[in-house]
Amino acid sequence: MNSPLISVIVPVYNTADYIEKTAELLAGQTYKNMEFIFVDDGSTDGSAEICDQIAKQDSRFVIIHQKNSGVCSARNAGIAAAHGDYIGFCDSDDIPYNDMYETLYKIIEENGCDIAMIKSAVRFIDGRVADTSNGSIKIYTDKEEIIEQFLLNKIQSSVYTKLFSAEICRQIKFPEPHKINEDRYYTFCALDKCKKLGYRNVTKYNYCRREGSAVTQSFSDKYLDIIYFADLIEKTIREKHPNLSDFARVNKIVSYLRFCQLIVLLNGEKSYSKQFNQIRLFMKKQDTNMCKKYLDKNIYTKFALLKTGKIPFKIAVKALSKF
């Protein structure tokens, strides 16, 4: 009996220095019945040509070229082209372990899940990997428990740590043209359709933090997506799962704190002072006991200090923030 086909969708934009390595790691997966859909999103650095060369060497690679339309458009194009029974996602400059998809599929096969998840770890420029995995496994069968754990950030929001039933993926789309937290929203929508989620606490994917990542950029309007999706998730929860409203509010508080943190770290205080002050007013109205109950110590400290004033919050952000 043939094993199910897994389609892995890889959005590509100007990653010529890394894409061959990522393709090599995908081609070497221990799970063999796979196709790899690389969606070139209008690259200008030679990435498109590298993709075409990769496809000539391995028929499992399918290349789509499109004008630059953003990561959501690229992933949606990949889903539309995928033939797989299951769909995964990979970034074109990251490091999937060679048994990542075998591990994910085993979770599905052994437990009857429609979404499987492993951990990712940050690989820094100097080669260090931040890995805290312990090998444990957890199977979730209650939808509201799944969503609660997601809202409390106990379930990783990134799509590249997961293997989805294609049936779920084809019911939802990445929200074009958004660029920040778009995968978090997609994961939220997918989990809302999930009947059974399997999570193994093992690291099988390295997210690579490189020069040019968020910490070296300036704050811009794209970060407003953080607020947009937090508000949208809360609205959806109130309509569909009202008994989870407190958890949606916690998710909103954490997202708003991240937004303010990035304003401080990416030098956006002058241009985005209106949004910063609005969030401070919002924080002052929140239930301190609820926040103390559900926020971890680091985040609660930032929450309490933001309520106190901008300067204490700025000091805390620079002292406690980790990238």
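See the structure shown above.
Residues numbered from 1 in each chain as written. Predicted model: local features only at pLDDT ≥ 70, side-chain atom pairs only at ≥ 80, totals over all residues. Heavy atoms only, no water.

Peer 1: Where do I start with the overall build of the protein chain in this structure?
Peer 2: Looking only at helices and strands, one finds 13 helices and 10 strands in the protein chain. In terms of overall size, the protein chain behaves like a compact globule, its C-alpha atoms giving a radius of gyration of 20 Å where 323 residues would be expected to give roughly 20 Å. If one aligns the C-alpha atoms of the protein chain with their principal axes, the spans along those axes are about 60 × 45 × 35 Å. Counting every position in the protein chain, which comprises 323 residues, the buried fraction comes to 54%. Taking as baseline every contact in the protein chain between residues at least 6 positions apart, the subset at least 24 positions apart corresponds to 81%. Taken as a whole, the protein chain presents about 15,000 Å² of accessible surface, with 48% of it coming from carbon and sulfur. (Helix = DSSP H or I, 4+ residues; strand = E, 2+ residues; numbered from the N terminus. Rg over C-alpha atoms; globule rule 2.2 N^0.38 Å. Buried < 20%, exposed > 50% of the residue type's maximum accessible area, 1.4 Å probe, protein only. Contact = heavy atoms within 4.5 Å. Areas by Shrake-Rupley, 256 points an atom, 1.4 Å probe, with all protein chains shown as cover.)

Peer 1: What should I look at first to understand the state of the cysteines in this one?
Peer 2: Disulfide: a covalent bond connecting the sulfur atoms of a pair of cysteines. Tallied over the entire structure, the rule returns zero disulfides. The cysteine Cys113 is free of any disulfide, with Cys194 supplying the nearest cysteine sulfur at 7.4 Å. Unpaired in this structure, Cys260 has its nearest cysteine sulfur neighbour in Cys291, at a distance of 14 Å. (Disulfide = S-S within 2.5 Å.)

Peer 1: Help me understand helix H5 (residues 143–151) in this model?
Peer 2: Because an α-helix packs 3.6 residues into every turn, residues spaced three or four apart end up facing the same way. All buried positions along H5 are accounted for by Ile146, Ile147, Gln149, Phe150 and Leu151. Along its buried surface, H5 packs onto strand S8 (137–140), helix H7 (182–191), strand S10 (197–208), helix H8 (224–240) and helix H9 (245–265). You can read the cap of H5 off the contacts: a side-chain oxygen lies 3.1 Å from the backbone nitrogen of Glu144, and it is on Asp142. (Polar contact = N/O pair within 3.5 Å; in protein donor to acceptor, adjacent residues only side chain to side chain.)

Peer 1: It is not clear to me how the pattern of salt bridges should be interpreted in this structure. Could you clarify?
Peer 2: Side chains bearing opposite charge may pair, as long as their charged atoms lie close to each other. Evaluation of the coordinates by the stated rule reveals 13 salt bridges. Residue Asp91 pairs with Arg75 through a salt bridge whose shortest N-O separation is 3.3 Å. Pair noted here: Asp91 is in the loop between strand S4 (86–89) and strand S5 (95–96) and Arg75 is in helix H3 (residues 71–81), with a separation of 16 residues, a long-range link. Look at Arg75 and you get buried, because its relative accessible area is 3%. A salt bridge links Lys240 to Asp192, with the nearest nitrogen and oxygen atoms 2.4 Å apart. Taken together, the positions of Lys240 in helix H8 and Asp192 in the loop between H7 and S10 put the pair 48 residues apart, joining distant regions of the chain. A relative accessible area of 49% means that Lys240 is categorised as partly exposed. What makes Asp192 buried here is its relative accessible area of 9%. One salt-bridge network, in which partners are shared between bridges, spans Asp231, Glu234, Arg238, Arg249 and Lys252. (Salt bridge = Lys/Arg side-chain N within 4 Å of Asp/Glu carboxyl O.)

Peer 1: Would you mind showing me how to read H7 here?
Peer 2: For H7, the tally of buried residues reaches 10 of 10 residues, placing the bulk of the element in the interior. Among the residues making up H7, those that are buried are Glu182, Asp183, Arg184, Tyr185, Tyr186, Thr187, Phe188, Cys189, Ala190 and Leu191.

Peer 1: Whenever I open this one, the packing of helix H1 (residues 19–27) against helix H2 (residues 47–57) confuses me. Can you help?
Peer 2: Two measures define how a pair of helices packs: the angle their axes make with one another and the distance between the axes. Interaxial distance between H1 and H2 falls to 10 Å at its minimum, and their mutual angle equals 25°. Here H1 lies roughly parallel to H2, going by the angle between them. Pair H1 / H2 crosses with right-handed handedness. Residue-level inspection shows Ile19, Glu20 and Ala23 of H1 in contact with H2, the latter providing Ile50, Cys51 and Ile54. Broken down by class, the residue content of the contact of H1 with H2 amounts to five nonpolar, no polar and one charged. (Axes fitted to C-alpha atoms, helices over the stretch in contact; angles between N-to-C directions. Parallel < 35°, antiparallel > 145°, perpendicular 65-115°, else oblique. Left-handed = near helix turned anticlockwise from the far one by under 90°. Nonpolar A, V, L, I, M, F, W, Y, C, P; charged D, E, K, R; others polar.)

Peer 1: Could you clarify how one ought to interpret the packing of aromatic side chains in this entry?
Peer 2: What characterises a pair of aromatic rings is the spacing of the ring centres plus the angle enclosed by the ring planes. What the rule picks out here adds up to 22 aromatic pairs. The interplanar angle of 65° and the centroid separation of 5.3 Å between the aromatic rings of Phe38 and Phe61 together place this pair among those described as edge-to-face. With Phe38 in strand S2 (residues 34–41) and Phe61 in strand S3 (residues 61–66), this pair connects stretches of sequence that are 23 residues apart. As far as the burial class goes, Phe38 and Phe61 line up, both buried. (Phe/Tyr/Trp six-rings, centres within 6.5 Å; stacked < 30°, edge-to-face > 60°.)

Peer 1: Would you take a moment to explain the environment of Lys173 for this structure?
Peer 2: Relative to the elements of secondary structure, Lys173 occurs in the loop between helix H6 (166–169) and H7. Between the C-alpha atoms of Lys173 and Ala190, which are 17 residues apart in sequence, the distance is 9.6 Å.

Peer 1: How should I be thinking about the pairing of S3 in this particular structure?
Peer 2: Moving residue by residue along a regular strand, the side chains alternate between the two faces of the sheet. With six bridges connecting them, S2 and S3 associate as parallel partners. Across the sheet, Phe38 pairs through a bridge with Ile63, a residue of S3. Taking the sense of rotation as the criterion, the β-α-β connection linking S2, H2 and S3 turns out right-handed. (Pairing = 2+ DSSP bridges. Right-handed = clockwise from strand over helix to strand, strands pointing away.)

Peer 1: How do you make sense of the environment of Arg170 when you look at a structure like this?
Peer 2: Tracing the backbone through its elements, the reader meets Arg170 in the loop between H6 and H7. Under the relative-accessibility criterion, Arg170 is labelled partly exposed at 45%. Residues Arg170 and Ala80, spaced 90 residues apart in sequence, show a C-alpha to C-alpha distance of 7.7 Å. Residues in contact with Arg170, not counting those within four places in the same chain, are Ile79, Ala82, His83, Gly84 and Ile87.

Peer 1: Looking at this structure, how should I read the nonpolar core?
Peer 2: A general trend in soluble globular proteins is that nonpolar side chains are found buried together. Residues Leu197, Ile253 and Met283 are the most contacted members of the largest nonpolar core, which totals 70 residues. Ranked by residues supplied to this core, first place goes to H9 with 12 residues. Within the second largest apolar cluster, 32 residues are counted, among which are Leu26, Ile50, Leu104 and Cys113. (Core = buried A, V, L, I, M, F, W, Y, C linked by side-chain atoms within 4.5 Å.)

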